[in-house]
Amino acid sequence: MSIIQIGVIGVIGALLSIQFKSGKSEYGIYMSVGISILIFACIVDKLELFVKTVAQVNQFINIDTSYIKTMLKMIGITYIAEFSSSVCKDAGYQTIAVQIEIFSKLTILALGMPVLLALLETIREFLA
Amino acid sequence: MRGAIPKRKAWLWWPPALFFVFLLFFSGHVSGSAAVHAADSSPGQKVDYEGIQNETENKLFSEFDFSEIDDSLKKLFPDKKMSFQELVAALISGKGDNAGKLAMQFILDRLGYEFKYNKQNLAYMLLIAIIAAVFTNFSNAFQNRQVSEISFYVLYMLLITMCLNAFRIAMSGIEGKLTVLLDFMRVLCPSYFLAVAIASGTSSSLMFYNIVLFLIYAAEVLILKFLLPIVNIYIMVQVMNYLAGEEYLSQLGELLKKLISWILRTLITCVIGINVIQGMLAPAIDALKRSALTKTAASIPGIGNAIGGVTDVVLGAAVLIKNGIGVAGAVILIAICAVPILQMLFMTMMYKLAAALVQPVSDKRITGCISSVSEGYELLVKVIFSTGVLFLLTIAVVTVSTS
């Protein structure tokens, strides 16, 4: 899907949810969540292209592919966390949004631990 | 000459003359037979100096034991069958005229090989730098900065793992080469200083032998055990310095670099100084002793003239062989040093090239890391170059000052 279509969908969704703001504001929130998920689904196609490109680049260099996988995973985690936390913020629940962000940060940190260990191992081997 | 000494005083000259003949016998049967040969020829008849020289060279060669050097050469150049004596003989007879051509060929071959071998490494570095740039920009799209930082660290780690592994291999290669160099000097010394003793005299031989032994020891302790680990630490510090955005360790890195180059410079200066000072004194002592001896022999009535001429030829042959051994040793030293120096120079240039290529697209930390690794290779070049120069200078000073 092109950016024009996405833009149109987003603007229409926002205008529609304004209509519900005075009376039933919760419907506006449902609508914004629905449209966000729609846009997210549209991006997933493009993300696949990105992952494929990275896999192709991986073939050029025979380095440990698990690191590249980890990095892609981190990007996915960040994406989902930001998506869900902004939905929560929209609904007015800041605390939940912050909790989601903290969870995502800790998950990324946990994923990054093997990298840190490998780095330390490299240094130890080199200086041994 | 003969007429200058009155007959009645001739007996005064006999003890030193006898001693001289004895010495000639002692220092190789060579000179003894040459002296007898000369004594047989009647005055006025032309002495066959060329024959004496050839005979002397052959006899002198048979006195040297090159087997240890040959063993060491076999280890050094396993694919080439080279005997040290042949090399010395070739150098003495002046057959080294196409050496320059051979050296050029060798250098080109070596560079081609290094390029082929390291091309992949270079490509990996460029790819990693480009992927890092792409990933960092991609993850900058998020509000969360953490992911872009961590993905940078992942790629930085891959990069330094590659660089450090390559560096470690190069380092162990250098260590091996330096050990080989020291081993070669150890086996070269006995033969070489025997030649110096025959050609020049025992005092200079002993003095220079002490210097070379000290030099080998110093090189082993200072360069192999101290400087190479410091180069390792330097590389590590530099790489870690660029890991963080801020430069925490750059001063420490600079300090280590200064330390290494100062130690090397001081070592070279000291060795030149000691060599030159010893080179002024020791050969003069020997020359004095020798000239006293030869003058004495030359003034023997009757055969003195012939002995003087023959002694000159014999000594000339000894000097020639000594210089031949020295030059052959120097040539082998250069051959040992040339390969790692070329290799390291090539690596330096390659890493600099990689840094230059990735600078436009990549983070400045990655550029800094690659270029600091190239500086590490430069330091390795300095270390091995200085070590080679130390020994070459010593051989050169000994060869020149004892002639």
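Calculation rules
Residues numbered from 1 in each chain as written. Chains lettered and ligands numbered in written order. Predicted model: local features only at pLDDT ≥ 70, side-chain atom pairs only at ≥ 80, totals over all residues. Heavy atoms only, no water. Helix = DSSP H or I, 4+ residues; strand = E, 2+ residues; numbered from the N terminus. Rg over C-alpha atoms; globule rule 2.2 N^0.38 Å. Buried < 20%, exposed > 50% of the residue type's maximum accessible area, 1.4 Å probe, protein only. Contact = heavy atoms within 4.5 Å. Areas by Shrake-Rupley, 256 points an atom, 1.4 Å probe, with all protein chains shown as cover. Lys, Arg positive; Asp, Glu negative; His and termini not counted. Charge placed at Lys NZ, Arg CZ, Asp CG, Glu CD. Buried area = accessible area lost by both parts, 1.4 Å probe. Salt bridge = Lys/Arg side-chain N within 4 Å of Asp/Glu carboxyl O. Phe/Tyr/Trp six-rings, centres within 6.5 Å; stacked < 30°, edge-to-face > 60°. Lys NZ or Arg CZ within 6 Å of the ring centre and 35° of its normal. Core = buried A, V, L, I, M, F, W, Y, C linked by side-chain atoms within 4.5 Å. Polar contact = N/O pair within 3.5 Å; in protein donor to acceptor, adjacent residues only side chain to side chain. 1 Å grid on protein atoms, 1.4 Å probe; cavity = no way out; pocket = protein on both sides within 12 Å on 5 of 7 lines; lining within 4 Å. Points joined across faces, edges and corners; volume = space filled by probe spheres on them. Axes fitted to C-alpha atoms, helices over the stretch in contact; angles between N-to-C directions. Parallel < 35°, antiparallel > 145°, perpendicular 65-115°, else oblique. Nonpolar A, V, L, I, M, F, W, Y, C, P; charged D, E, K, R; others polar. pLDDT = per-residue confidence, 0-100.

## Things to note about the overall build of chain A
Item 1. Helix and strand counts for chain A stand at 4 helices and 0 strands.
Item 2. Here chain A has a C-alpha radius of gyration of 20 Å; the compact-globule value for 128 residues is 14 Å, and the former is much larger.
Item 3. When its C-alpha atoms are laid out on the principal axes, chain A stretches across 70 × 35 × 15 Å.
Item 4. Taking all 128 residues of chain A together, the buried fraction comes to 27%.
Item 5. Pairs at least 24 apart in sequence give 51% of the contacts found in chain A among residues at least 6 apart.
Item 6. Carbon and sulfur atoms make up 70% of the accessible area of chain A, which totals about 8,400 Å².
Item 7. Separation between the mean location of the 9 positive side-chain charges and that of the 9 negative ones in chain A comes to 4 Å.

## Here we look at the interface of chain B and chain A
Interfaces are often sized by the accessible area lost when the parts come together.
Item 1. Residue-level contacts link 29 residues of chain B with 28 residues of chain A.
Item 2. Between chain B and chain A, a total of about 2,900 Å² is buried, with carbon and sulfur atoms accounting for 83% of that surface.
Item 3. In terms of surface lost to chain A, no three residues of chain B exceed F135(B), F142(B) and M157(B), which account for 20% of the buried area on that side.
Item 4. For the pair chain B and chain A, the number of links is 1 salt bridge.
Item 5. Notably, a salt bridge pairs R168(B) with E125(A), separated by 3.5 Å at the nearest N-O pair.

## Points about the packing of aromatic side chains
Item 1. For the structure shown, the criterion picks out 11 aromatic pairs over all chains.
Item 2. Linked through ring pairs, F20(A), Y27(A) and Y30(A) together constitute an aromatic cluster.
Item 3. The ring of F152(B) carries the charged tip of R365(B) above its face, separated from the ring centre by 3.9 Å.

## Quick look at the nonpolar core
All names here are of chain B.
Item 1. Among the nonpolar cores identified, the biggest contains 124 residues, and F84, M125, I325, Y351 and Y377 are the most heavily contacted of them.
Item 2. Considering each element in turn, this core owes the most residues, 31 residues, to helix α7 (residues 146–199).
Item 3. The residues contacting Y351, other than those within four sequence positions of it, are M125, C163, A166, I370, V373, S374 and Y377.

## Focus on the side chain of N232(B)
Item 1. Of note, N232(B) is situated in helix α8 (residues 202–243).
Item 2. Setting aside residues up to four positions removed in sequence, N232(B) forms contacts with F126(A), L127(A), F167(B) and M171(B).

## Topic: the pattern of salt bridges
Item 1. Applying the stated rule across the entire model yields 7 salt bridges over all chains.
Item 2. In this structure, the salt-bridge partner of E101(A) is K89(A), at a minimum N-O distance of 3.7 Å. With a gap of 12 residues between them, E101(A) in helix α4 (residues 94–127) and K89(A) in helix α3 (residues 65–90) connect regions that are remote in the sequence.
Item 3. On the basis of relative accessible area, K89(A) is assigned to the partly exposed category, the value being 37%.
Item 4. Residues joined in a network through salt bridges with shared partners are D183(B), R186(B) and E220(B).

## Quick look at the environment of E101(A)
All names here are of chain A.
Item 1. Residue classification places E101 among the partly exposed positions, given a relative accessible area of 26%.
Item 2. Sequence-wise, E101 and I39 are 62 residues apart; in three dimensions their C-alpha atoms are separated by 21 Å.
Item 3. Contact partners of E101, with chain neighbours within four places excluded, come to S85 and K89.
Item 4. Within polar-contact distance, the side chain of E101 engages the side chain of S85 at 3.3 Å.

## Considerations on the layout of surface pockets
Item 1. Empty space within the second largest pocket amounts to approximately 610 Å³.
Item 2. Looking at the second largest pocket, it is lined by 28 residues, and the ones nearest its centre are Y117(B), N121(B), N165(B), A166(B) and I169(B).

## Remarks on the packing of helix α9 (residues 250–298) of chain B against helix α11 (residues 364–401) of chain B
Residues and elements named next belong to chain B.
Item 1. In the contact formed by α9 and α11, the axes pass within 10 Å of each other and the chain directions differ by 0°. As the angle between them shows, α9 and α11 are arranged roughly parallel. Contacts between α9 and α11 involve K257, I260, S261, L264, L267, I268, V271, I272, N275, G279 and P283 from the first element and E375, L379, K382, V383, S386, V389, L390, L393, T394, V397 and S401 from the second.
Item 2. Of the residues belonging to the contact of α9 with α11, the class tally is 13 nonpolar, 6 polar and 3 charged.

## A closer look at the side chain of N118(B)
Item 1. Mapping N118(B) onto the fold places it in helix α6 (residues 99–139).
Item 2. Contact partners of N118(B), with chain neighbours within four places excluded, come to F346(B), M347(B) and M350(B).

## Some words on the packing of α7(B) against α8(B)
Residues and elements named next belong to chain B.
Item 1. Here α7 crosses α8 at 180°, and the two axes come no closer than 10 Å. By the angle between their directions, the pair α7 and α8 is classed as roughly antiparallel.
Item 2. Its residues assigned to classes, the contact of α7 with α8 shows 31 nonpolar, 4 polar and 3 charged.

## Focus: the confidence of the model for chain B
All names here are of chain B.
Item 1. Chain-level statistics for chain B give a pLDDT mean of 77 and a share of 84% at 70 or above.
Item 2. Mean pLDDT in chain B bottoms out at helix α2 (residues 29–40), which sits at 41, and peaks at α11, which reaches 89.
Item 3. Here residues 1–44 is modelled with pLDDT under 50, and outside its nearest four sequence neighbours on either side it reaches 38 contacts, counting other chains as well.
Item 4. ipTM for the predicted complex: 0.70, alongside a pTM of 0.74.

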